[in-house]
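Okay, here's what each chain looks like letter by letter:
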Amino acid sequence: MILLIDTTEKKNGKQIASALKNQFSQTEYEYIDAGELNISHCLGCNYCWLKTPGECVVKDDYEPILKKMSVSDQVWLITDTVFGSVSYKTKNIIDRVMPLATMNLHMVGKQMRHITRYDKNPKWGIVYCGEGDREYLSLFCERIAINFAERSVGVFPIEEYEEAIKCM
Amino acid sequence: MHVVIINGSPRVEKYSNTEKIIDAFAEGLAKAGATFERYAISDRKNWDMARESYTQNAEIIFALPLYVENIPGLLLEFFETLPIKDNNTRVSFILQGGFAEASQLECGKKFLEKLPKYLNVSYGGTLIKGDNFCIRVVSKEDVLKITGPYQEMGKSFVENNGFKAEIVKKFAGPDYLPVPMRIMIQVIFKTIARKKFETYSKEWGAKVPIDYRPW
């Protein structure tokens, strides 16, 4: 499944979702308008690793998104940009993926990583609106994916959303 | 030198590893003759005071933990509320993380290097260091062993007028661990570390194993 998580002010992800309608069946993709949802920042409490493994103690609108991420093939973050990077709303969504990893560690290639909780892990992509630093966002997206033993599927400005769709 | 230190960790101060790192760093600042004031943004009630201090002062250090390759969402939100200043203000960063290798902090560091331009201030460098996860779970004496080296960095910040590249590099440690150590660590991760994490988890009151799948 392809999961589109849109936090943009103008709901820019909707045009991607409607373009996907022609290519995919309803079960193959899902669009989430996350800008309107109540999603807290990560509190950094580590409870999801040590006290309530796999579960976030913050009970807001995030858990259904997390569940969907854990069964998705691709997660696309559609985001506004600040300081060349993603908005805080998108960063909050990224920070709270921690329950998908466990406290346990292993070496993967040259670096240590947390062992993921589920067998399936998504690939990651970013579509950004505004003055994004594409080079930085590409590195950032690649690095997010590495934490899930996966890879980035690409980073695109909203003007090139058709290119992003080719990667889905 | 008068330094404003802002703790950008979302974790409450009492349990914040970054707060303990600042304790040691600030001690070093004082030893070198600098004065400082401290704020923490984990409680939104402090935001106005921290922002006011950022506005009024010229030497600012943000200390922060790495959250998924970049700065925590809460700190990003705080940054969005800062006023545009001029390059008489200098902003520096202390970026800390859990993983041991310096390379794990590179992506976050790259973001912080560019941030001062967006805030229209000058840049005083970013001190990076990993391997700080245990601050949360070890005894008070062991915490001081981990944070101790930051005291020297506080002194160095005053004496060298900012975080200088060669000092940052040395403090950060190796980008990657040498191969024999990687092999040894892999074994430790599968045995001792696993047991230790299970012990912490039980102490914290967990009723299920660490790799439990709620769905």
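This is a predicted model, so every value here is computed, not measured. Position numbers for residues count from 1 along each chain, tracking the sequence in the order it is written. Here every chain gets a letter starting at A, and every ligand a number starting at 1, in the order they are written. Side-chain atom pairs in this predicted model are given and counted only at pLDDT of 80 or more, local residue features only at pLDDT of at least 70, and totals for whole chains, interfaces and linings cover all residues. By convention in this description, side-chain values take in all heavy atoms of the structure and omit both hydrogens and water.

K.L.:
Could you give an account of helix 1 (residues 13–21) of chain A, with specific residues and numbers?
P.N.:
Residue and element names in this part refer to chain A. Each residue's exposure class comes from its accessible area (1.4 Å probe, protein chains only) as a fraction of the maximum for that residue type: buried when under 20%, exposed when over 50%, partly exposed otherwise. Secondary structure counts use DSSP, requiring at least four H or I residues in a row for a helix and at least two E residues in a row for a strand, with both numbered from the N terminus. Where helix 1 is concerned, the buried positions are Gly13, Ile16, Ala17 and Leu20. Down the axis of helix 1, the buried side of the element spans an arc of 100 degrees, and every buried residue falls inside it. Those residues of helix 1 that are buried lie in contact with strand 1 (2–6), strand 2 (29–33), strand 3 (74–82), strand 7 (123–129) and helix 6 (161–166). Read the arc as the range of directions from the helix axis to the C-beta atoms. By definition, residues are in contact when any of their heavy atoms lie within 4.5 Å.

K.L.:
Please give an account of the pairing of strand 1 (residues 2–7) of chain B that cites residues and values.
P.N.:
Residue and element names in this part refer to chain B. Along strand 1, five of the six residues are buried, which leaves the element largely enclosed by surrounding structure. Any two strands with at least two DSSP-identified bridges between them are counted as paired. Inspection of the sheet shows strand 1 paired to strand 2 (residues 35–40) by six bridges, in the parallel sense. Residue pairing for strand 2: Ile6 is matched across the bridge by Tyr39. Here is how to tell: hold the view so the strands point away, follow the path from the first strand over the helix to the second, and if it runs clockwise the crossover is right-handed. Between the parallel elements strand 1 and strand 2, the chain passes through helix 1 (residues 17–31) in a crossover that is right-handed. Here strand 1 runs beside strand 3 (residues 59–65); their pairing, made up of four bridges, is parallel. By the bridge assignment for strand 3, Ile6 is matched with Phe62.

K.L.:
So what's going on with the interface of chain A and chain B? Residues and values would help.
P.N.:
It is common to report an interface's size as the accessible area lost on association of the parts. Each partner contributes to the interface: chain A provides 52 residues, whereas chain B provides 52 residues. Carbon and sulfur atoms supply 63% of the area that chain A and chain B bury against each other, a total of about 4,900 Å² over both sides. Salt bridge, as used here, is a side-chain nitrogen of Lys or Arg placed within 4 Å of a carboxyl oxygen of Asp or Glu. If you look at where chain A meets chain B, you find three salt bridges. The term polar contact refers here to a pair of N or O atoms within 3.5 Å; inside protein, the definition further demands a hydrogen-donor-capable atom paired with an acceptor-capable atom, and it admits residues adjacent in sequence only when both atoms are side-chain atoms. For the pair chain A and chain B, the number of links is 23 residue pairs in polar contact (both at pLDDT 80 or more). Broken down by element, the side of chain A that touches chain B gets its largest block of residues, six residues, from strand 5 (residues 101–108) of chain A. Any residue that is not Ala, Val, Leu, Ile, Met, Phe, Trp, Tyr, Cys, Pro, Asp, Glu, Lys or Arg is counted as polar, Gly included; the first ten are nonpolar and the last four charged. Across the side of chain A that touches chain B, the residue classes break down as 25 nonpolar, 16 polar and eleven charged. By buried area we mean how much accessible surface two parts lose on assembly, using a 1.4 Å probe and totalling the loss over both.

K.L.:
Go over the pattern of salt bridges with me, naming the residues and quoting the values.
P.N.:
A pair can form between side chains of opposite charge whenever their charged atoms are brought close. With the rule as written, the count across this model stands at 24 salt bridges over all chains. A:Glu63 is the partner of A:Lys59 in a salt bridge, and the nearest nitrogen-oxygen pair spans 3.4 Å. Note on A:Lys59: relative accessible area 57%, which makes it exposed. Between B:Lys169 and B:Asp175 there is a salt bridge, with the nearest N and O atoms lying 4.0 Å from each other.

K.L.:
Can you tell me about the packing of helix 5 (residues 134–146) of chain A against helix 4 (residues 106–119) of chain B, naming the residues and giving the values?
P.N.:
Interaxial angles span 0 to 180 degrees and are taken between N-to-C directions of axes, which are lines fitted to C-alpha atoms, for helices over the stretch in contact. Relative to each other, helix 5 of chain A and helix 4 of chain B sit at 155 degrees, their axes nearing to 10 Å. Judged on the interaxial angle alone, helix 4 of chain B and helix 5 of chain A are roughly antiparallel. Judged by the twist between their axes, the crossing of helix 5 of chain A over helix 4 of chain B is left-handed. Contact residues: A:Tyr136, A:Leu139, A:Phe140 and A:Arg143 in helix 5 of chain A; B:Cys107, B:Gly108, B:Lys110 and B:Phe111 in helix 4 of chain B. Here the angle decides the label: under 35 degrees means roughly parallel, over 145 means roughly antiparallel, 65 to 115 means roughly perpendicular, and every other value means oblique. In this scheme the crossing of two helices becomes right-handed for a clockwise turn of the near helix relative to the far one and left-handed for an anticlockwise turn of less than a right angle.

K.L.:
Account for helix 7 (residues 179–203) of chain B, naming residues and giving values.
P.N.:
In this model, helix 7 of chain B (25 residues) spans 34 Å end to end at C-alpha, consistent with the 36 Å of a helix rising 1.5 Å per residue. Among all positions in helix 7 of chain B, only B:Arg182, B:Ile185, B:Phe189, B:Ala193, B:Phe197, B:Tyr200 and B:Ser201 are buried. Buried-residue contacts for helix 7 of chain B involve helix 2 (47–50), strand 5 and strand 6 (111–116) of chain A. Just downstream of helix 7 of chain B, B:Gly205 is the residue with a positive phi angle, here 100 degrees. One less than the number of residues in a helix, times 1.5 Å, gives the span that helix is expected to have.

K.L.:
Give me the lowdown on the sheet that holds strand 4 (residues 90–96) of chain B, citing residues and values where you can.
P.N.:
Residues and elements named next belong to chain B. Strand order in the open sheet formed by five strands is 2-1-3-4-5, with parallel pairing between adjacent strands. Sheet topology places strand 2 and strand 5 (122–129) at the edges, where each strand pairs with a single neighbour. Across the sheet, the mean angle from the axis of one strand to that of its neighbour is 20 degrees, orientation sign disregarded. By the bridge criterion, seven bridges tie strand 3 to strand 4 in an arrangement that is parallel. Opposite Ile60, over in strand 4, you have Val91 as the bridge partner. Against the sheet, helix 1 touches strand 1, strand 2, strand 3 and strand 4, its axis set at about 170 degrees to strand 1. Along the sheet, helix 5 (residues 140–159) makes contact with strand 3, strand 4 and strand 5, crossing strand 4 at roughly 165 degrees.

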